[in-house]
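One letter stands for each residue in the lines below.
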Amino acid sequence: MEGISEVAKSKQQLIIEEWNGSSSTKLFKTATIFASPSLSIHRSGSRFNHVWRRVLQAFVPEGFPGSVTPDYVPFQVWDSLQGLSTYIRTMLSTQALLSAIGVGEKSATVIGATFQWFLRDLTGMLGGVLFTFYQGSNLDSNAKMWRLVADLMNDLGMLMDLLSPLFPSAFAFVVCLGSLSRSFTGVASGATRAALTQHFALQNNAADISAKEGSQETMATMIGMALGMLLARITIGNPFAIWFSFLFLTMFHMYGLSDAFH
């Protein structure tokens with residue numbers, strides 16, 4: 001919330017100050033306007049700092065850091081880095097999956113590829129429903145544990161996609177198993193996110209924290225997709241480079257999990 005308050009006024013000089021913040025957080029002065037008799041504006045702090053605060057407001061809750069718990073920053077930093085590694089690995093696994101389906105092959109048929117993709121998605125949707133039925137009521141009891149399980153299952157799902165070209169005779173089974181793993185990820189991650197958001201909120205600002213996390217994830221997604229496409233282009237046709245990159249990023253992801261939930 002921005003407000004302009006008149007600090008001093010006389011016949012010779014008019015001084016107006018601009019403040020930024022809200023009633024529930026500490027205000028800071030951003031500018032002072034002098035009229036005596038010419039008009040001049042003095043910005044508090046450098047222009048870079050002013051722009052940086054504006055950009056930061058799109059990614060952190062209002063009143064940060066006082067409006068969140070102390071463990072919010074380390075968790076979000078590692079969560080964003082994990083997301084970045086996940087999106088990069090997704091490009092590698094998707095490239096392998098499309099190759100296994102037959103994209104680019106003259107012998108591949110559209111109806112065959114469509115059916116295999118449909119079967120994969122159908123398995124994931126059914127798996128999500130079953131997981132919710134059996135474990136939905138237990139997700140609130142230990143949110144961090146289930147979030148950890150969700151990330152590990154996502155790693156397993158991407159691994160199955162990457163393995164799919166190596167087992168053409170069991171392709172449908174491998175990709176369905178990967179889709180089933182990711183369906184657990186979607187349910188557990190989405191359900192536990194609400195509990196973690198409530199934990200971080202100190203000023204009844206869970207909605208703001210959730211919205212800003214969406215901005216953080218969007219930024220991580222865009223960077224991860226760009227890096228993933230670049231890595232996929234560099235490693236195409238080189239199985240060793242693909243597997244080395246995938247395993248290295250997976251190990252980094254698991255290390256990030258241990259730090260985020262420490």
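Residues numbered from 1 in each chain as written. Predicted model: local features only at pLDDT ≥ 70, side-chain atom pairs only at ≥ 80, totals over all residues. Heavy atoms only, no water.

Considerations on the overall build of the chain
On a plain count of helices and strands, the chain comes out with seven helices and four strands. Secondary structure elements of the chain occur, N-terminal to C-terminal, as β-β-β-β-α-α-α-α-α-α-α. Counting the 262 residues in the chain, one finds 37% classified as buried. When contacts within the chain are restricted to residue pairs at least 6 apart in sequence, those whose partners lie at least 24 apart make up 64%. Accessible surface, the chain: about 15,400 Å² in total, of which carbon and sulfur atoms supply 69%. (Helix = DSSP H or I, 4+ residues; strand = E, 2+ residues; numbered from the N terminus. Buried < 20%, exposed > 50% of the residue type's maximum accessible area, 1.4 Å probe, protein only. Contact = heavy atoms within 4.5 Å. Areas by Shrake-Rupley, 256 points an atom, 1.4 Å probe, with all protein chains shown as cover.)

So, the pattern of salt bridges
Tallied over the full model, the rule gives seven salt bridges. When salt bridges that share partners are traced, they join Arg120, Asp121, Asp161 and Arg182 into one network. (Salt bridge = Lys/Arg side-chain N within 4 Å of Asp/Glu carboxyl O.)

Examining the nonpolar core
Counting 11 residues, the largest nonpolar core is built from Leu84, Ile88, Leu92, Ala96, Met158, Leu162, Leu231, Ala232, Ile242, Phe246 and Leu249. Elements that contribute at least two residues to this core include exactly α2 (72-101), α4 (143-163), α6 (206-235) and α7 (239-260). Broken down by element, the residue count for this core peaks at four residues, all from α2. Not counting the four nearest positions on each side in its chain, Leu162 is found in contact with Leu92, Ser93, Ala96, Ile242, Trp243 and Phe246. (Core = buried A, V, L, I, M, F, W, Y, C linked by side-chain atoms within 4.5 Å.)

Observations concerning the packing of helix α5 (residues 171-200) against α6
Taken N-terminus to C-terminus, the directions of α5 and α6 make an angle of 120 degrees; their axes are 9 Å apart at the nearest point. Here α5 is positioned oblique relative to α6, judged by the angle of their axes. Helix-helix and strand crossings are classified by hand; for α5 and α6 the assignment is right-handed. Residues Arg193, Thr197, Gln198 and Phe200 of α5 form the contact with α6, whose participating residues are Ala206, Ile209, Ser210 and Glu213. The residue makeup of the contact of α5 with α6, split by class, is three nonpolar, three polar and two charged. (Axes fitted to C-alpha atoms, helices over the stretch in contact; angles between N-to-C directions. Parallel < 35°, antiparallel > 145°, perpendicular 65-115°, else oblique. Left-handed = near helix turned anticlockwise from the far one by under 90°. Nonpolar A, V, L, I, M, F, W, Y, C, P; charged D, E, K, R; others polar.)

Topic: α5
Along an α-helix, residues three or four positions apart point the same way, because every turn accommodates 3.6 residues. Spanning 30 residues, α5 covers 42 Å between terminal C-alpha atoms, matching the ideal 44 Å at 1.5 Å per step. Helix geometry: α5 is bent most strongly at Arg193, by close to 25 degrees. (Expected span 1.5 Å × (residues − 1). Bend = angle between axes of the 7 residues up to and from the residue.)

So, the side chain of Ser93
Mapped onto the elements of the fold, Ser93 is located in helix α2. For Ser93, a relative accessible area of 1% translates into the label buried. If we skip the residues at most four places from it in the chain, Ser93 touches Met158, Asp161 and Leu162.

Concerning the side chain of Ser67
Turning to its location among the elements, Ser67 is positioned in the loop between α1 (47-56) and α2. Ser67 gets classed as buried once you look at its relative accessible area, which sits at 0%. Here Phe64 takes part through its backbone nitrogen, which lies 3.5 Å from a polar atom of the side chain of Ser67. Excluding residues within four positions of it along the chain, Ser67 makes contact with Pro61, Glu62, Phe200, Ala201, Leu202, Gln203 and Asn205. (Polar contact = N/O pair within 3.5 Å; in protein donor to acceptor, adjacent residues only side chain to side chain.)

Some remarks on the packing of aromatic side chains
For the structure shown, the criterion picks out nine aromatic pairs. When the ring of Trp78 is compared with that of Tyr255, the centres are 5.5 Å apart and the planes differ by 75 degrees; the resulting orientation is edge-to-face. With a gap of 177 residues between them, Trp78 in helix α2 and Tyr255 in helix α7 connect regions that are remote in the sequence. According to the relative accessible area criterion, Tyr255 is partly exposed, its value standing at 47%. Residues Phe240 and Phe244 carry aromatic rings whose centres are separated by 6.3 Å and whose planes lie at 20 degrees to one another, so their mutual orientation is stacked. Within this pair, Phe240 and its partner Phe244 are both found in helix α7, separated by four residues, close to a single helical turn. The pair formed by Phe240 and Phe244 is uniform in burial state, with each residue classed as exposed. (Phe/Tyr/Trp six-rings, centres within 6.5 Å; stacked < 30°, edge-to-face > 60°.)

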